[in-house]
Amino acid sequence: MKKNVFKGIFIVLTLVIVALIALMPVLTAMAEPAPTGADAAEAAIEAAADNSIGDKAMAAAIVVGLAAAAGAIGMGLAIAKSVDGIARQPEAEGKIRTTLMLGLVFVETAIIYALVIAILIIFVL
């Protein structure tokens, strides 16, 4: 039952993200009227630069958002399983807690790497 709920949530979030990415060019085209006359070339250059900044921001947001969401789900599942394990075998509490902390550190490190990648996307590319 729980796996089906998480699977459903994952599918819905994936579809929402894909829909937003697919509709982004349409929404940005509708937001600004097309320039006419001699300023069209300059406006096209500015629009390309603005589009590049917007694309970078969207990419960074997706990177951090997906990493944080996946990390939060993974941490929640790990904590739930460790509590179940401690409840079933209280004498193994020390080993379970040590393994849990090590696993949580690795998950958090992956999220921090995603944040570093997002910062690189924004400032380097």
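If you're wondering where the values come from, they're calculated on a predicted model, not measured in any experiment.

## Some words on the overall build of the protein chain
Reasoning step 1: Regarding its fold elements, the protein chain presents 3 helices and 0 strands.
Reasoning step 2: What you see in the protein chain, going N to C, is helices and strands ordered as α-α-α.
Reasoning step 3: By the burial criterion, 10% of the 125 residues in the protein chain qualify as buried.
Reasoning step 4: About 9,600 Å² of surface is accessible on the protein chain, with carbon and sulfur atoms providing 75% of the total.

## A few points about the pattern of salt bridges
Two side chains of opposite charge can pair, provided their charged atoms sit close to one another.
Reasoning step 1: Inspection of the entire model under this criterion finds 1 salt bridge.
Reasoning step 2: The closest approach of N and O atoms between Arg 97 and Glu 93, which form a salt bridge, is 2.3 Å. A residue pair is termed a helical-turn pair when its members lie 3 or 4 positions apart in one helix, as Arg 97 and Glu 93 do in helix α3 (residues 93-123) at 4 residues.
Reasoning step 3: Judged by relative accessible area, which is 32%, Glu 93 ranks as partly exposed.

## Digging into α3
Reasoning step 1: Here α3 spans 45 Å end to end across 31 residues, near enough to the 45 Å set by a 1.5 Å rise per residue.
Reasoning step 2: Of the positions making up α3, those classed as buried are Leu 100, Leu 104, Ile 111, Ala 114, Ala 118 and Ile 121.

## Regarding the side chain of Ser 82
Reasoning step 1: Relative to the helices and strands, Ser 82 resides in helix α2 (residues 40-88).
Reasoning step 2: A polar contact is formed between the side chain of Ser 82 and the backbone oxygen of Ile 79, at a distance of 2.8 Å.

## Things to note about the confidence of the model for the protein chain
Reasoning step 1: Averaged over every residue, the pLDDT of the protein chain is 79; residues scoring 70 or more account for 69%.
Reasoning step 2: Looking over the protein chain, one finds the lowest element-wise mean pLDDT in helix α1 (residues 2-31), namely 66, and the highest in α3, namely 90.

## Points about a nonpolar patch on the surface
Reasoning step 1: On the surface, Val 64, Ile 112, Leu 115, Val 116, Ile 119, Leu 120, Ile 122, Phe 123, Val 124 and Leu 125 cluster together to form a nonpolar patch covering roughly 940 Å² of accessible area.
Reasoning step 2: The dominant element in the nonpolar patch, judged by the number of residues it contributes, is α3, at 7 residues.
Reasoning step 3: If you trace the backbone, Val 64 turns up in helix α2.
Reasoning step 4: The class of Val 64 is partly exposed, set by a relative accessible area of 31%.

Conventions and cut-offs
Residues numbered from 1 in each chain as written. Predicted model: local features only at pLDDT ≥ 70, side-chain atom pairs only at ≥ 80, totals over all residues. Heavy atoms only, no water. Helix = DSSP H or I, 4+ residues; strand = E, 2+ residues; numbered from the N terminus. Buried < 20%, exposed > 50% of the residue type's maximum accessible area, 1.4 Å probe, protein only. Areas by Shrake-Rupley, 256 points an atom, 1.4 Å probe, with all protein chains shown as cover. Salt bridge = Lys/Arg side-chain N within 4 Å of Asp/Glu carboxyl O. Expected span 1.5 Å × (residues − 1). Polar contact = N/O pair within 3.5 Å; in protein donor to acceptor, adjacent residues only side chain to side chain. pLDDT = per-residue confidence, 0-100. Patch = residues over 30% accessible without salt bridge, like charges linked within 9 Å, V, L, I, M, F, W, Y side chains within 5 Å.

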